[in-house]
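Coordinate analysis (summary)
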Amino acid sequence: MTADEIKAEIAASSISAITLDTSAFGNPSEMSLEHGLLARLRQFCGTGVRLLMSDVVLNEVELHMAKGASDSLAQLEKSLKAVGGSWNVSREARGEAKKVLIGTETPKDHASGRVNEFVERNECIIVKAEEHASIEELMRRYFSFEPPFAERESKKNEFPDALAVMSLNAWAEQNDTKILVVSNDDDWVRYCEGTPRLIVVRGLSEALALFNANAEVVCSALSLRLASDAGKEWKDSIETAVQAH
């Protein structure tokens, strides 16, 4: 579909949901759920557009974040050890510095907490693979090399992707709607191209721009902006204009 066709479907509420695959969350080692484009997903709260997340994708994001946190923790400990030698900083002082920076959480608990907060903050609807994906269809696609499976030896690694896209497609059919899917994964794209329920775009910025014509989403985004520190300049301008009037 063209951008104009997608906008028309959104305006008609034919596309009433948006979802992201793991690739849309950015660099696995530097995922930030609280800033940048991902923070703008809050603009869908309270509107007619639902933010869906496959439980498979959420689990993958959590795994990536836990690994990133574990790797950076190892680097921090190595750096603090080097500081201890070159600056004669005691083990106790280095331990306190580490505690101030990252607290006492394990990488796994830290990642899990941030993912749960992301789901709650953005009022995500979680689509569970066990409730929506058909094992019969999954096996048929696997042995027939149908999307999202590819004709290569590593196709067994694509089972998580298959569970995710199939469950999202089933959810769309059950709710008689279409979903805008944000993915830069070629296997996801090939699957989406074969079903009218899943409309794929490559980037999150592109996806968000497509909703700019939806009045509810725009009003929600403006309200969030006004409520943030970034909205102070807007508030000052509005107050000045009102006083002048």
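These notes cover the structure that comes with them. Small disclaimer: the values here were computed from a predicted structure and weren't measured.

Observations concerning helix 5 (residues 107–121)
Given a rise of 1.5 Å per residue, 15 residues ought to cover 21 Å, and the 21 Å separating the end C-alpha atoms of helix 5 matches this to within 8%. Along helix 5, the positions that sit buried rather than exposed are A111, S112, R114, V115, F118 and V119. End-on, the buried residues of helix 5 take up no more than an arc of 165 degrees, which puts them together on one face. Each element contacted by the buried residues of helix 5 is listed here: helix 2 (36–39), strand 2 (50–54), helix 3 (55–86) and strand 3 (125–127). Of the residues flanking the end of helix 5, it is E123, one or two places downstream, whose phi is positive at about 50 degrees.

Things to note about the packing of helix 7 (residues 135–144) against helix 8 (residues 159–174)
Between two packed helices, both the angle of their axes relative to each other and the distance between the axes serve to describe the pair. As a packed pair, helix 7 and helix 8 sit with axes 11 Å apart at the nearest point and diverge in direction by 130 degrees. Comparing the axis directions of helix 7 and helix 8 gives the class oblique. Like other packed secondary-structure pairs, helix 7 and helix 8 cross with a definite hand, here right-handed. For the pair formed by helix 7 and helix 8, the contact residues are E137, L138, M139, R141 and Y142 on the first element and F159, A162, L163 and M166 on the second. Looking at the contact of helix 7 with helix 8, its residues break down into seven nonpolar, no polar and two charged.

What about the pattern of salt bridges?
Considering all chains together, one arrives at eleven salt bridges under this definition. With a shortest N-O distance of 3.1 Å, K178 and E9 are connected by a salt bridge. Of this pair, K178 sits in strand 4 (residues 178–182) while E9 sits in helix 1 (residues 3–11), placing them 169 residues apart in sequence. Close ionic contact of D71 with K67 constitutes a salt bridge, the shortest N to O distance being 2.8 Å. Residue D71 and its partner K67 are located together in helix 3, separated by four residues, close to a single helical turn. Among the residues examined, D71 registers a relative accessible area of 34% and is labelled partly exposed. Take K67: its relative accessible area is 53%, and that puts it in the exposed class. Through salt bridges with shared partners, a single ionic network connects E137, R140, R141 and E146.

Basis of the calculations
- Residues numbered from 1 in each chain as written.
- Predicted model: local features only at pLDDT ≥ 70, side-chain atom pairs only at ≥ 80, totals over all residues.
- Heavy atoms only, no water.
- Helix = DSSP H or I, 4+ residues; strand = E, 2+ residues; numbered from the N terminus.
- Expected span 1.5 Å × (residues − 1).
- Buried < 20%, exposed > 50% of the residue type's maximum accessible area, 1.4 Å probe, protein only.
- Arc of directions from axis to C-beta.
- Contact = heavy atoms within 4.5 Å.
- Axes fitted to C-alpha atoms, helices over the stretch in contact; angles between N-to-C directions.
- Parallel < 35°, antiparallel > 145°, perpendicular 65-115°, else oblique.
- Left-handed = near helix turned anticlockwise from the far one by under 90°.
- Nonpolar A, V, L, I, M, F, W, Y, C, P; charged D, E, K, R; others polar.
- Salt bridge = Lys/Arg side-chain N within 4 Å of Asp/Glu carboxyl O.

Nothing here speaks to function; it is geometry throughout.
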